[in-house]
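Now for the letters of each chain:
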Amino acid sequence: DLLKKIMAKHPDVVYTKYQLGAAYKMANDLANAEKWLSEAADGDPKNLGYLVGLADTLISRKKGKELKKVIDRIRPIDATVAADLESRGKLLRLF
């Protein structure tokens, strides 16, 4: 509730979107987690933490096509992290 109130007052604060997405992920509300983590990653496209949070959520949701797109965004920032996520996706047969 507190994060929702903060979002209402400061809708352009990217970190709040990330925190809201992380809270939804912890509550296992993966659809809302994906929504807010995606908004955070779009708001700060070079933030590796936001992108990895989104990628982890997509893995949990078994959304291979979307995961590949996020991995492609991660690769120029950190090739090792991108390779690790790609390995996880392949291991889980998401693509």
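So, how was this worked out
Residues numbered from 1 in each chain as written. Predicted model: local features only at pLDDT ≥ 70, side-chain atom pairs only at ≥ 80, totals over all residues. Heavy atoms only, no water. Salt bridge = Lys/Arg side-chain N within 4 Å of Asp/Glu carboxyl O. Helix = DSSP H or I, 4+ residues; strand = E, 2+ residues; numbered from the N terminus. Buried < 20%, exposed > 50% of the residue type's maximum accessible area, 1.4 Å probe, protein only.

> I'd like a description of the pattern of salt bridges, backed by residues and values.
According to the stated counting rule, one finds 7 salt bridges in the structure shown. Of the charged contacts in the structure, one is a salt bridge between Lys63 and Glu34, with a shortest N-O distance of 3.1 Å. In this pair, Lys63 is assigned in the loop between helix 4 (48-60) and helix 5 (64-74) and Glu34 in helix 3 (residues 30-43), connecting sequence segments 29 residues apart. The exposure class of Lys63 is partly exposed, given its relative accessible area of 23%. The class for Glu34 is buried, based on a relative accessible area of 14%. Ionic pairing is found between Asp56 and Arg88, a salt bridge with its closest N-O pair at 2.7 Å. Of the two residues, Asp56 sits in helix 4 while Arg88 sits in helix 6 (residues 79-91), which places them 32 residues apart along the sequence. The exposure class assigned to Asp56 is buried, which follows from its relative accessible area of 19%. The class for Arg88 is partly exposed, based on a relative accessible area of 37%. Via salt bridges that share partners, Glu34, Arg61 and Lys63 belong to a single interconnected network.

By themselves, these observations are geometric and do not establish any function.
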